[in-house]
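Spelled out from the first residue to the last, the chains are:
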Amino acid sequence: MKPSVRFKEIKMKLGVVGLPNVGKSTLFNAITHAGAEAANYPFCTIEPNVGVVAVPDERLEKLAALYSSKKVTPAVVEFVDIAGLVKGASRGEGLGNKFLSHIREVDAIVHVVRCFEDENVTHVENSVDPVRDIETINLELILADIEAVQKKQDRIRSAARGGADKNAAAEYAFLEKLLPHLEAEKPASSYPCTEEEQPMLDNLFLLSSKPVIYCANIAEKDMGEDEDKIPFVVAVKEYAAKHRAGVIVICAKTEEELSQMEEEDRAMFLEEFGLKESGLDKLIKASYSLLGLISYLTAGEKETRAWTIVKGTKAPQAAGKIHSDFEKGFIRAEVVEWETLLECGGLTGAREKGKVRSEGKDYVMKDGDVVLFRFNV
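In this report, the structure presented in the accompanying data block is examined. One numbering rule holds for all chains: residues counted from 1, following each sequence as written. Per-residue local features of the predicted model are confined to residues with pLDDT of at least 70, and side-chain atom pairs are confined, for both listing and counting, to 80 or more; whole-chain, interface and lining totals are unaffected and use all residues. Derived side-chain values reflect all non-hydrogen atoms in the structure, with water molecules and hydrogen atoms excluded from consideration.

Between the rings of Phe, Tyr and Trp (Trp by its six-membered ring), a pair exists once the centres lie within 6.5 Å; its type follows the angle of the planes, with under 30 degrees stacked, over 60 edge-to-face, and the other angles tilted. According to the stated counting rule, one finds six aromatic pairs in the structure shown. Aromatic pair phenylalanine 174 and tyrosine 191: ring centres 5.7 Å apart, planes at 75°, arrangement edge-to-face. Highlighted residues: phenylalanine 174 in helix H5 (residues 166-183) and tyrosine 191 in the loop between H5 and helix H6 (198-202), separated in sequence by 17 residues. Here phenylalanine 174 matches tyrosine 191 in class, with each residue buried. Within the aromatic cluster, the residues linked to one another by ring pairs are Tyr296, Trp307, Phe330 and Phe373. Strands here mean DSSP runs of E at least two residues long; helices mean DSSP runs of H or I at least four residues long; both are numbered from the N terminus. Relative accessibility decides the category of a residue: with a 1.4 Å probe and only protein chains considered, values under 20% of the type maximum give buried, values over 50% give exposed, and everything between is partly exposed.

Take the state of the cysteines next. Working definition: a disulfide is two cysteine sulfur atoms within 2.5 Å of each other. Counted by the stated rule, this structure contains zero disulfides. Unpaired in terms of disulfides, cysteine 115 finds its nearest cysteine sulfur in cysteine 215, a separation of 9.1 Å. Relative accessible area serves as the criterion here: at 2%, cysteine 115 is assigned to the buried category.

Those residues of helix H8 (residues 252-259) that sit buried are Ala252, Thr254, Glu255, Leu258 and Ser259. For H8, the arc enclosing every buried residue in end-on projection is 155°, short of the 170-degree limit, so these residues lie on one face. Residues of H8 that are buried sit in contact with helix H1 (24-32), strand E7 (212-218), strand E8 (246-250), helix H9 (263-272) and helix H10 (279-291). Starting at the helix axis, one direction is taken to each C-beta atom, and the arc is that of these directions. Any two residues whose heavy atoms approach within 4.5 Å at even a single point are treated as in contact.

The topology assignment puts glycine 23 in the loop between strand E2 (12-17) and H1. Among the residues examined, glycine 23 registers a relative accessible area of 17% and is labelled buried. Taking the C-alpha atoms as reference points, glycine 23 and cysteine 251, 228 residues apart in sequence, are found 8.7 Å from one another. Setting aside residues no more than four positions away along its own chain, glycine 23 makes contact with Val112, Asn217 and Ala252.

Judged by pairing direction, the sheet is mixed, and its six strands sit side by side in the order E3-E5-E2-E6-E7-E8 without closing on themselves. Pairing within the sheet leaves two strands with one partner each, and these edge strands are strand E3 (49-54) and E8. Taken pair by pair, the neighbouring strands of this sheet meet at an average axis angle of 25°, ignoring direction. Pairing between E2 and strand E5 (residues 76-81): five bridges, direction parallel. Paired with glycine 15 across the strands is valine 80, a residue of E5. In this scheme, strands are said to pair when DSSP sees at least two bridges between them. Think of each axis as a best-fit line through the C-alpha atoms, taken over the contacting stretch in the case of a helix, with angles from 0 to 180 degrees between the N-to-C directions.

This part is about the nonpolar core. A general tendency of soluble globular proteins is for nonpolar side chains to be buried together. What makes a nonpolar core is a set of buried Ala, Val, Leu, Ile, Met, Phe, Trp, Tyr and Cys residues whose side-chain atoms join them at distances within 4.5 Å. Counting residues in each nonpolar core, the largest one holds 64 residues, and the members touching the most others are Val77, Phe79, Ile103, Tyr214 and Tyr288. When near neighbours in sequence (up to four residues on either side) are disregarded, tyrosine 288 contacts Met12, Val55, Ala75, Val77, Leu293, Ile294, Ser295 and Thr308. Within the second largest apolar cluster, 18 residues are counted, among which are Leu175, Leu179, Tyr191 and Leu204.

Taken N-terminus to C-terminus, the directions of H8 and H9 make an angle of 150°; their axes are 9 Å apart at the nearest point. Here H9 runs roughly antiparallel to H8, going by the angle between their axes. Together, Thr254, Leu258 and Ser259 of H8 and Arg266, Phe269 and Leu270 of H9 make up the contact between the two elements. Its residues assigned to classes, the contact of H8 with H9 comprises three nonpolar, two polar and one charged. For classification purposes, an angle smaller than 35 degrees is called roughly parallel, one larger than 145 roughly antiparallel, one from 65 to 115 roughly perpendicular, and anything else oblique. Each residue is assigned to one of three groups, with Ala, Val, Leu, Ile, Met, Phe, Trp, Tyr, Cys and Pro labelled nonpolar, Asp, Glu, Lys and Arg labelled charged, and all others, Gly among them, labelled polar.

What counts as a salt bridge is simple: a side-chain nitrogen of Lys or Arg found within 4 Å of a carboxyl oxygen of Asp or Glu. All chains considered together, the criterion is met by 23 salt bridges. Across the pair glutamate 197 and lysine 177 runs a salt bridge whose closest N-O atoms are separated by 2.7 Å. Taken together, the residues glutamate 197 in the loop between H5 and H6 and lysine 177 in helix H5 connect sequence positions 20 residues apart. With relative accessibility at 46%, the residue lysine 177 sits in the partly exposed group. Connected through shared salt-bridge partners, Arg332, Glu334, Arg351 and Arg374 make up one network.

Attention shifts here to the side chain of lysine 210. Its location among the elements puts lysine 210 in the loop between H6 and E7. Under the counting rule used here, the positive set is Lys and Arg, the negative set is Asp and Glu, and His together with the chain ends is not counted. Buried within the structure, lysine 210 lacks any salt-bridge partner; its nearest side chain of opposite charge belongs to aspartate 107, at an N-O separation of 6.5 Å. Within the structure, the side chain of lysine 210 is placed 3.2 Å from the backbone oxygen of arginine 104, a separation counted as a polar contact. Not counting residues up to four positions away in its chain, the partners in contact with lysine 210 are Ile103, Arg104, Val106, Asp107 and Ile109. N or O atoms within 3.5 Å of each other form a polar contact, as long as, within protein, one can give a hydrogen and the other can take it, and as long as residues adjacent in sequence are counted only when both atoms are side-chain atoms.

So, in structure tokens, the structure goes:
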């Protein structure tokens, strides 16, 4: 009997954006099985669709088999499918500001870009030009940010005058430098922040400050082809490189078909096209890398579980993800690499072979660490 699978609390939230008819909702359907309506007309996604997806992790399956775990709890990602934006969205065109507000709540943006020709699928600009489309969306995000900064200035102007409120004065001075940067059509992510300014920028939750993964959506006929020989994809990659953004290449239509297949058929399909992983796997990996996230693991008969943390997190803070008492009363962490644990047949075997390390408060957690925390409260 397979162990039951439960989702843990959500730690990563991705907003899926793009112009209408670029394959955005098709991709969302594929990766979440949520069935968002996908039709050949703009704004078919009237409310943002939300889907929670388990992070594919072979380590959990193997550890759960080793311990005959009753439960498996993977890390999860929440995807928010946001209605197609158009030129003028920041001024209320199309579905406007309502949907820009949904983007403020996400950790990163998955920007789906059309990289295929299809006379049966209309394009809002009547032609396919990935870089133009990217810049259309990015400009709308910047214009919305300009409005947000101006509103913030209005709110703190009185308090900042005369310097009586030093915090307000410092923030107003920062906004006066940030605003011209945005007005020059540069994203907030490229603003050269000082150490003192960074918290002020973070607290603004600007749309153009969020990390971005460009998702180049190619035609089915281009599946398995060399990505660097597809002109539309090359253009997206060159743009992303200049703006320090991530890129993955997928065929949303194929991903939707894959999502409806049995696991064995899916593996055969991927092999046929010379693909090592699905678009979902690529997207999850790219998202984790972009946000600097890793997972450590706990394993046992009751439960095998993945815990998502920021790269560089030390052992006590990682323990705090499980329970605050673990961090407060942290004594040590007993750590073994997951593959080593499997090779040794479990924690007892790993201890006998001297493979379990005792780590203290300064230990920096690594991806794939299997941990038993010792604490006292």
